[in-house]
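# Observations on the model geometry
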Amino acid sequence: MVVDGIADETGETVDRLFHALADGTRRDILRRCVRGELSVSRLAAAYPMSFAAVQKHVTVLERAGLVTKERRGREQLVRTDPEAVGRARQALDELESAWRARVDRMSGLLAEGADDGAGPDAPDPHEHTTKGPDG
Amino acid sequence: MTVTSVDKDVDRLTLTIVADFTAPVERVWRLWADPRQLERWWGPPSYPATFEEHDLTPGGGVKYYMTGPEGEKFGGWWRVSSVTPPTALEFTDAFSDQDGKPNPEMPTTEVRMTLTEREGGTRMELRSVFDTREQMEQLAEMGMVEGMSQAIGQMDALLAA
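Source: prediction; values computed, not measured. (Residues numbered from 1 in each chain as written. Chains lettered and ligands numbered in written order. Predicted model: local features only at pLDDT ≥ 70, side-chain atom pairs only at ≥ 80, totals over all residues.)

Once that is clear, we can look at the overall build of chain A. Each helix and strand counted, chain A has 5 helices and 3 strands in total. Put simply, chain A runs from its N terminus to its C terminus through helices and strands in the order α-α-β-α-α-β-β-α. In chain A, the share of contacts with a sequence separation of at least 24, taken over all contacts with a separation of at least 6, comes to 52%. (Helix = DSSP H or I, 4+ residues; strand = E, 2+ residues; numbered from the N terminus. Contact = placed C-beta atoms within 7 Å.)

This part covers unusual backbone geometry. Residues and elements named next belong to chain B. Following proline 85, the chain continues to proline 86 via a peptide bond in cis, the omega torsion being 0 degrees. The phi angle at glutamate 119 is positive, at roughly 50 degrees, despite the residue not being glycine. With respect to the secondary-structure elements, glutamate 119 resides in the loop between strand S7 (108-118) and strand S8 (121-130). The exposure class of glutamate 119 is exposed, given the 8 C-beta atoms found within 10 Å. (Buried ≥ 20, exposed ≤ 12 C-beta atoms within 10 Å, placed from the backbone.)

As a further point, take the sheet that holds strand S3 (residues 49-54) of chain B. Residues and elements named next belong to chain B. Strands sit in the order S1-S2-S8-S7-S6-S5-S4-S3 across an open sheet of 8 strands; the sheet is antiparallel. Both outer strands of the open sheet, strand S1 (3-9) and S3, are each paired with one neighbouring strand and no more. Across this sheet, the average inter-strand angle for adjacent strands is 20 degrees, counted without regard to direction. When strand S4 (residues 61-67) meets strand S5 (residues 73-84), the two strands line up antiparallel, connected through 7 bridges. (Pairing = 2+ DSSP bridges. Axes fitted to C-alpha atoms, helices over the stretch in contact; angles between N-to-C directions.)

Residue and element names in this part refer to chain A. The sheet built from 3 strands is open, its strands ordered S1-S3-S2 with antiparallel pairing. With partners counted over all chains shown, the strands left at the sheet margins are strand S1 (38-39) and strand S2 (67-72), one partner each. Note that S1 and strand S3 (residues 75-80) share 2 bridges and pair antiparallel. Considered in S3, the bridge of serine 39 is made with leucine 77. Running over the sheet, helix H4 (residues 51-63) touches S2 and S3 and is turned about 120 degrees from S2.

Averaged over every residue, the pLDDT of chain B is 82; the share at 70 or more is 78%. Prediction confidence for the complex, expressed as pTM and ipTM, is 0.59 and 0.76 respectively. (pLDDT = per-residue confidence, 0-100.)

In this section: the pairing of S1(B). All names here are of chain B. Judged from the 6 bridges that link them, S1 and strand S2 (residues 14-21) form a sheet pairing that is antiparallel. Residue valine 3 lies in a different strand from S2, and its bridge partner there is alanine 19. Linking S1 back to S2 in an antiparallel pair, the connection comprises 4 residues, with leucine 13 at a positive phi of about 55 degrees.

Residues of helix H2 (residues 24-32) of chain A that are buried include every one of Arg26(A), Ile29(A) and Leu30(A), and no others. Down the axis of H2(A), the buried set is contained in an arc of 100 degrees. They therefore lie on one face. (Arc of directions from axis to C-beta.)

What follows is the structure in C-alpha cells.
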C-alpha cells in the first residue's frame, strides 16, 4: 500500500528509493536524522565503518530525495527532507493506507464467520484454524 | 469497496475514514472487543499483532506487539479514554519501548471510533488525530521507512519462493 503512494513517480525514482531503503545502515541514518540535523562526522562515529563509507550512504539517501545535505563551515549537516507539508500529507496517506487495509481485513473476518448476529453461538476462535502459528 | 469515504485534513492533522459493513453493529463491535478477533485484523499479515492485555474500560489499557518477518517486535499500547459498548470507543494509540512501557518520544494518535446502524448493516466512522505536527512528520518518516522495508521483505519472500 505504501508503494502505491509513489507509483506515480517515475520508475527510476522508485528504484532509487528502494535501493536507498534496502540497507540497514541507511534506514538507521534516516531514523537518526528525523529529529534534527546531524553532521556526517557525528553519524560516522555511530557506525563501525569509515567516514567515507558513511558519506557514501548519505549520498545514496540524498539522491533518493530522503535527506538533504548542507555544508556549514567544515561540517556537512544531514537532515531529512524539510518539506513539512508534503510529509504531513504523507503521514495521513500512510495512516489511510493502514486503515484501508485494516477495514479490508475486518470485512474479510465478517464475511468468513457464519455469525451475522443470528447465529446460535458467539464466534469461537477455535473454529477458525486458518490462523498460523504465532511469530 | 467497504471504505465509503476518506477525509484528510492536513491543518487539523486529522484522518477521518468511513466504512460500511453488512454485518450488524454488535458483530462489528466484537472485532474490537474480542482480542482474538482484533489481532486478526490490526496488524498486516506480515506483521501480525498479538494482544497481551485488553481492558476496554475507561482508563484501561491495551498492550500489543507486532512481529516482523525476521522476528523483530514492535510494541504498542492504547489508553482507553471512553467506551460505550457496542457503539463507541476512544483511545490514544502509541508506541511502547522494549519493556512495554509507553514511549514518550514516539508519536501518538487520538482515535475515536463509532458504530451506527445503517440500512441493516453498520457504518464505522473512525477519526484519528495526530498530537502535533512534529509527531506527524516523524511518523511519516518512520512509516515510509517501515513500509518500504516491509515491501522489500515481501519482495525477498517472493524471490525466495
